[in-house]
Amino acid sequence: MIKLDLGGAWSMRRIGDSDWLDAAVPGSVYADLLRAGRMEDPFYRDNEDAALALCDEDYEYIRTFEAEPDMLAADRLLLRCEGLDTLAELYLNGTHVASTDNMHRTYEWEVRHLLQSGSNELRIILRSPTRYAAVKHADNPIWGADDAVSGFNHLRKGHSMFGWDWGPQLPDLGIWRPISLAAYHIGRLEDVRVRQQHTQGTVTVSAEVAADVWAEPGSPVDAALTFTAPDGTVLHRESRRVEAGHRTVDFQWVVNDPELWWPNGYGKQPLYELTVRLERNGTLLDSKSFTIGLRTLRVKREKDEWGEGFAFEINGIPIFIQGANYIPEDNILSRVKPQQTDRLLRDCLEANFNCVRVWGGGIYPSDDFYDRCDRYGLIVWQDFMFACAFYEMNDAFSENIRQEAIDNIKRLRHHASLALWCGNNEMEEAWVSWDIPGKTPKLRTDYLKQFEILLADVVKRYDPDRDYWPSSPSSGGSFDQPNDENRGDVHYWEVWHGQKPFTEYRKHHFRFCSEFGFQSFPSPKTVRTFTLPEDRNIFSYVMERHQKNKAANGKILYYLSDNLKYPKDFDSLLYSSQMLQAEAIKYGVEHWRRNRGRCMGSIYWQLNDCWPVASWSSMDNFGRWKALHYFAKRFYAPVLLSAKDEGPKVELHLTNDTLSPVTGTVSWWLKDRSGQVLKESSLDVTVPALQAQMCTGLDFSDDLKAKGANRRLYLEYALDIGGQEISRATVLFTKPKHFEFEDPSIITEIAEQQDAFAITLRSGSFAKYVTLELTEADGVFSDNSFDLSAGVPVTVLLAKERLSAPLELEELRRQLTVQSLYQWS
Ligand code: BMA
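Residues numbered from 1 in each chain as written. Predicted model: local features only at pLDDT ≥ 70, side-chain atom pairs only at ≥ 80, totals over all residues. Heavy atoms only, no water.

Student: Teacher, can you tell me more about the site of the ligand here?
Tutor: Neighbouring residues of the ligand: Trp 164, Asp 165, Trp 166, Trp 359, Cys 388, Asn 425, Glu 426, Trp 493, His 497, Glu 515, Trp 605 and Trp 616. Separating an oxygen atom of the ligand from a side-chain N or O atom of Asp 165 is a distance of 2.5 Å. (Near = heavy atom within 4 Å. Polar contact = N/O pair within 3.5 Å; in protein donor to acceptor, adjacent residues only side chain to side chain.)

Student: Would you mind showing me how to read the state of the cysteines here?
Tutor: Every disulfide links exactly two cysteines, by a covalent bond between their sulfur atoms. Inspection of the entire model under this criterion finds 0 disulfides. Its sulfur unpaired, Cys 695 is 19 Å from the next cysteine sulfur, which belongs to Cys 599. By relative accessible area, which is 15% here, Cys 695 ends up buried. (Disulfide = S-S within 2.5 Å. Buried < 20%, exposed > 50% of the residue type's maximum accessible area, 1.4 Å probe, protein only.)

Student: Looking at this structure, how should I read the sheet that holds strand 5 (residues 76–81)?
Tutor: Neighbouring strands of a sheet are bound in pairs by backbone hydrogen bonds; such pairs are parallel or else antiparallel. Strand order in this open sheet of 4 strands is 1-12-5-9, and the pairing throughout is antiparallel. Both edges of this open sheet fall to strand 1 (2–5) and strand 9 (107–110), since each of them pairs with a single strand only. Put simply, the sheet's adjacent strands are angled 20° from each other on average, direction ignored. In terms of strand pairing, strand 1 meets strand 12 (residues 179–184) through 4 bridges, oriented antiparallel. Note on strand 12: the bridge partner recorded for Asp 5 is Ser 180. (Pairing = 2+ DSSP bridges. Helix = DSSP H or I, 4+ residues; strand = E, 2+ residues; numbered from the N terminus. Axes fitted to C-alpha atoms, helices over the stretch in contact; angles between N-to-C directions.)

Student: I would appreciate a short explanation of the packing of aromatic side chains in the present structure.
Tutor: Two measures describe an aromatic ring pair: the distance that separates the ring centres and the angle between the ring planes. This structure, assessed with the given rule, holds 59 aromatic pairs. Arranged with centres 4.9 Å apart and planes meeting at 15°, the rings of Phe 384 and Trp 421 form a pair that is stacked. Taken together, the residues Phe 384 in the loop between strand 27 (379–383) and helix 7 (395–412) and Trp 421 in strand 28 (residues 418–422) connect sequence positions 37 residues apart. Trp 421 sits in the buried class, given a relative accessible area of 0%. Ring geometry for Tyr 558 against Tyr 559: centres 5.2 Å apart, planes inclined by 75°, an arrangement best described as edge-to-face. When its relative accessible area of 0% is taken as the criterion, Tyr 559 is described as buried. Taken together through their ring pairs, the aromatic side chains of Trp 143, Phe 386, Phe 390, Tyr 391, Phe 397, Trp 431, Trp 434, Tyr 447, Phe 451 and Phe 479 make up a single cluster. The aromatic ring of Trp 669 is capped on one face by Lys 671, whose charged end is 5.6 Å from the ring centroid. For the cation-ring pair, Lys 800 lies above Phe 757, with the distance from its terminal atom to the ring centre recorded as 5.2 Å. (Phe/Tyr/Trp six-rings, centres within 6.5 Å; stacked < 30°, edge-to-face > 60°. Lys NZ or Arg CZ within 6 Å of the ring centre and 35° of its normal.)

Student: Explanation requested: helix 12 (residues 552–563) in the structure shown.
Tutor: Residue pairs three or four apart in sequence face the same way in an α-helix, which turns once every 3.6 residues. The end-to-end C-alpha separation of helix 12 is 17 Å, in line with the 16 Å expected for 12 residues at 1.5 Å each. Those residues of helix 12 not exposed but buried are Ala 552, Asn 553, Lys 555, Ile 556, Tyr 559, Leu 560 and Asn 563. Viewed end-on, helix 12 has its buried residues packed into an arc of 160°, placing them on one side of the element. (Expected span 1.5 Å × (residues − 1). Arc of directions from axis to C-beta.)

Student: Help me understand the packing of helix 7 against helix 9 (residues 441–462) in this model?
Tutor: The relative placement of two packed helices comes down to the angle between their axes together with the axis-to-axis distance. Their axes nearest at 10 Å, the elements helix 7 and helix 9 cross at an angle of 35°. Handedness of the helix 7/helix 9 crossing: right-handed. Contacts between helix 7 and helix 9 pair Phe 397, Ser 398, Ile 401, Arg 402, Ala 405, Ile 406, Ile 409 and Lys 410 from the former with Gln 450, Leu 454, Leu 455, Val 458, Val 459 and Tyr 462 from the latter. Considered class by class, the residues forming the contact of helix 7 with helix 9 number 10 nonpolar, 2 polar and 2 charged. (Left-handed = near helix turned anticlockwise from the far one by under 90°. Contact = heavy atoms within 4.5 Å. Nonpolar A, V, L, I, M, F, W, Y, C, P; charged D, E, K, R; others polar.)

Student: How do you make sense of the environment of Val 731 when you look at a structure like this?
Tutor: With respect to the helices and strands, the residue Val 731 is situated in strand 39 (residues 724–732). Given the relative accessible area of 5%, Val 731 is considered buried. Separated by 81 residues in sequence, Val 731 and Val 650 place their C-alpha atoms 8.5 Å apart. Sequence-distant contacts of Val 731, defined by excluding residues within four places in its chain, comprise Ala 643, Asp 645, Val 650, Tyr 714, Leu 715 and Tyr 717.

Student: Whenever I open this one, the pattern of salt bridges confuses me. Can you help?
Tutor: Oppositely charged side chains are able to pair whenever their charged atoms sit close together. Summed over all chains, the structure comprises 73 salt bridges. Arg 624 is paired through a salt bridge with Asp 778; the nearest N and O atoms lie 2.8 Å apart. One end of the pair, Arg 624, is in the loop between strand 32 (601–604) and helix 14 (627–635); the other, Asp 778, is in the loop between strand 42 (767–774) and strand 43 (786–788), and 154 residues separate them in sequence. On the basis of relative accessible area, Asp 778 is assigned to the partly exposed category, the value being 21%. Linked by salt bridges that have partners in common, Glu 48, Asp 49, Arg 545 and Lys 548 make up one network. (Salt bridge = Lys/Arg side-chain N within 4 Å of Asp/Glu carboxyl O.)

Student: Would you mind showing me how to read the pairing of strand 26 (residues 355–358) here?
Tutor: Side chains on a regular strand alternate between the two faces of the sheet. Covered by surrounding structure in strand 26 are Cys 355 and Arg 357 together with Val 356 and Val 358, the residues of both alternating faces. With 4 bridges connecting them, strand 25 (residues 321–326) and strand 26 associate as parallel partners. Within the sheet, the bridge partner assigned to Gly 323 lies in strand 26 and is Cys 355. As for the winding sense of the linkage, the β-α-β connection from strand 25 through helix 5 (residues 338–350) to strand 26 is right-handed. Across 4 bridges, the pairing between strand 26 and strand 27 is parallel. For Arg 357, the partnering residue across the bridge sits in strand 27 and is Trp 381. In terms of handedness, the path from strand 26 via helix 6 (residues 367–376) over to strand 27 forms a crossover that is right-handed. (Right-handed = clockwise from strand over helix to strand, strands pointing away.)

Student: I'm lost on the packing of helix 12 against helix 13 (residues 570–594) in this one. Help?
Tutor: One way to put it is that helix 12 packs onto helix 13 with a least axis distance of 10 Å and a crossing angle of 80°. Here helix 12 lies roughly perpendicular to helix 13, going by the angle between them. Taking contact as the criterion, the partners of Ile 556, Leu 557, Tyr 559, Leu 560 and Asn 563 in helix 12 are, on helix 13, Leu 573, Ser 576, Ser 577 and Leu 580. Residues that form the contact of helix 12 with helix 13 fall into these classes: 6 nonpolar, 3 polar and no charged. (Parallel < 35°, antiparallel > 145°, perpendicular 65-115°, else oblique.)

Student: I would appreciate a short explanation of the environment of Met 619 in the present structure.
Tutor: Here Met 619 is to be found in the loop between strand 32 and helix 14. Classification of Met 619 by relative accessible area gives buried; the value is 0%. With 11 residues separating them in the primary sequence, Met 619 and Tyr 630 have C-alpha atoms 9.8 Å apart. Excluding anything up to four places from it in sequence, Met 619 contacts Leu 344, Asp 347, Leu 607, Asn 608, Asp 609, Arg 624, Trp 625, Lys 626 and His 629.

Student: Which parts of the structure should I look at to understand the sheet that holds strand 18 (residues 272–280)?
Tutor: Read from one edge of the open sheet, 4 strands run 16-15-18-19, paired in antiparallel fashion. Two strands lie at the open edges of the sheet, namely strand 16 (234–242) and strand 19 (283–292), each paired on one side alone. For this sheet, the mean angle separating the axes of adjacent strands, direction not counted, is 15°. Of the strand pairs in this sheet, strand 18 and strand 19 are connected by 9 bridges, and their pairing is antiparallel. Along strand 19, the bridge assignment pairs Thr 275 with Ser 289.

Student: Explain the side chain of Arg 156 here, please?
Tutor: Position of Arg 156 relative to the elements: it lies in the loop between helix 4 (129–139) and strand 11 (174–175). The class for Arg 156 is buried, based on a relative accessible area of 2%. One polar contact links Arg 156 to Glu 404, side chain to side chain, over a distance of 2.8 Å. Those residues in contact with Arg 156 that lie beyond four places of it in its chain are Thr 86, Asp 101, Asn 102, Met 103, His 104, Met 385, Phe 386, Tyr 391, Phe 397, Asn 400, Ile 401 and Glu 404.

Student: Before we go on, may I ask you to explain the nonpolar core in this structure?
Tutor: Soluble globular proteins: nonpolar side chains tend toward being buried together. If you look at the biggest cluster of nonpolar residues, it comprises 187 residues, and the most contacted ones within it are Tyr 61, Leu 79, Trp 109, Ile 179, Phe 353, Phe 384 and Tyr 604. Counting residues per element, this core draws most heavily on helix 13, at 12 residues. Residues in contact with Tyr 604, not counting those within four places in the same chain, are Gly 323, Ala 324, Asn 325, Phe 353, Phe 516, Ile 585, Ser 618, Leu 628, His 629, Ala 632, Phe 635 and Tyr 636. Val 203, Ala 207, Leu 225 and Leu 274 belong to the second largest nonpolar core, which has 29 residues in total. (Core = buried A, V, L, I, M, F, W, Y, C linked by side-chain atoms within 4.5 Å.)

Below you can see the structure in the form of structure tokens.
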């Protein structure tokens, strides 16, 4: 196979304009217009409006390329488009090749007859997605999420590109993924399906190789397979004849003493390599390679005393899933570079995630995303790209989404990290309990056809070893109480959307919570990137343009009034919102982890942002960690000591999500603000592998009797394993707003080490949410937004490689700020 990459320099223009602009492919209209200085930054202030208007236009992309003689001599020549966003018309040398309407598909067309020697011209017209949506919507106004441009659900384009309750309405268009010409002689590998069967001590691996051979008789073609161990040793090599025609050749071999693939926290991620070469007389015709992780991974659903469990079982071991929901990383999709995604996924690892859910309102990520998840041990819950909308199942739509599912299943099914295909986001729940217009019997039947028949069948046929789950949340389908707390997965939004207090989480024992969340503002540094000084008030026009959930600012202020003092200024309000968010999610997660076994998963909403905005994310669009991400690092720690408090009564629990028993010392101190210890104790505890257990129950009723004592005393608790402090945290006996904090006068000392700066903090009085920040550079600290007791110094590391730019010690001193709750009011 000879491949000609057609990416690179193209020209583009708005249809109707006379001048051509330089374009980059893969890319997009916004990316090209920005580079040419023809549009303003769409994320700045309210530039979104002008940028949205640009999507009402049609655009044209053009490039020429030389056809080399070996291309012209090929028997088959395919134009391969891995992502056309979305309404594209393709012309090669003036002849119409095809028109497309699905950005999620990979298209291939035979163009041998259109190629000419010498110069060739490829022209792609991209039609306006917003005009299309408007026309379709006027004709057939089926319901879709209110924050998006109406009619978005008529088009197979990432829904949230049209706006969401955290996303701008910027439905950019473009040739967003690679485009190439592939020339074949004699034959072609069409597909390879790898399966694995595990028994004690061995894995039987099979590969079903589909090839198309159009060779003349007498020219034998072989499929040659090589399977290599993680250390590079060849474990299996086999060659088999492929007869002419569309053929499937089956290979099967046994791997003894397999090195199993594990999610983060449970073991290593060894990856085997499989290569299939299609050859004739030793000459390579085509090849495909895959990295394979050997593991079993299923969702175990068994009836039990509470209902029906929902637990991911890997290599026979049920694990507690911990992670967050992933949304597209930028509204201008092609701007996202592999390094950015890598950073994001490594930030997940650093916060002790073992899972990400790819939410159904965005896009199917690139191969690179899953390669990294394989390497890092991040299990992927994969939604099909349908969310919060009705879809009408006519023949064309059914065929379109069937092909979309097949394309993506074939592309991704070999990944060890891929755990589950899920039909959609929240549509079963919407049918059962949302008050939305236009619920007709026809659309209800269409829902079942789409998600419980069509997509279920495609998964069964193309990826039979992987689970299919009809919707998130669901109890298994058929509109049977999809959000049932005792079966399947749950989206729980009573805290936040329902404005219930954080304590409400503890009333529920979900089997698996795949969405729950709480909003916050991004950091002041991020807000400054899209505002002018006069915008810096959360109710200003510009700030409200960067808050897409209409009721959210009110909610943040409501929870603020319940928990914290009124902030003294704008920046303090931003920080305070992040502490509320972090505290809320911690409340839920620690409760579910204390109930490990009954509950087996926590995937909070949401991991990341696609532009600078107030949202539920734990990292903003610059990758800056909000307090929640630091909290996640602590509440997702493999061994967690957590407190269940109720007034003066506190239980301490240890959750052990490792594969070995844990023995440690749990200590606690009842302290006053100045650090004086009124009471203390410690106990040795052993918790078996994969279990949670209560260590001790404490009652401080007598100690808190004196008037105001609950506003001055607090409990500190810590876990020590093998002489090393694993965690330290506090419980207040009143809301933080009523605690009588004193000026902590934190003293900071910085020592430079070879690879890091060690920042030691000492407080004169109990300080809550101690937050380190750099004024200009960005940095990720080993810990942040934690509580600091008087007389208990804490050393935080700032690894040099986690700095956005190298800093000298003196410069770091100048840029480092240390604040806490006391300073924010
Ligand atoms: C869930 C998600 C998203 C939404 C989020 C916050 O419903 O599935 O659709 O952005 O809540 O409201």
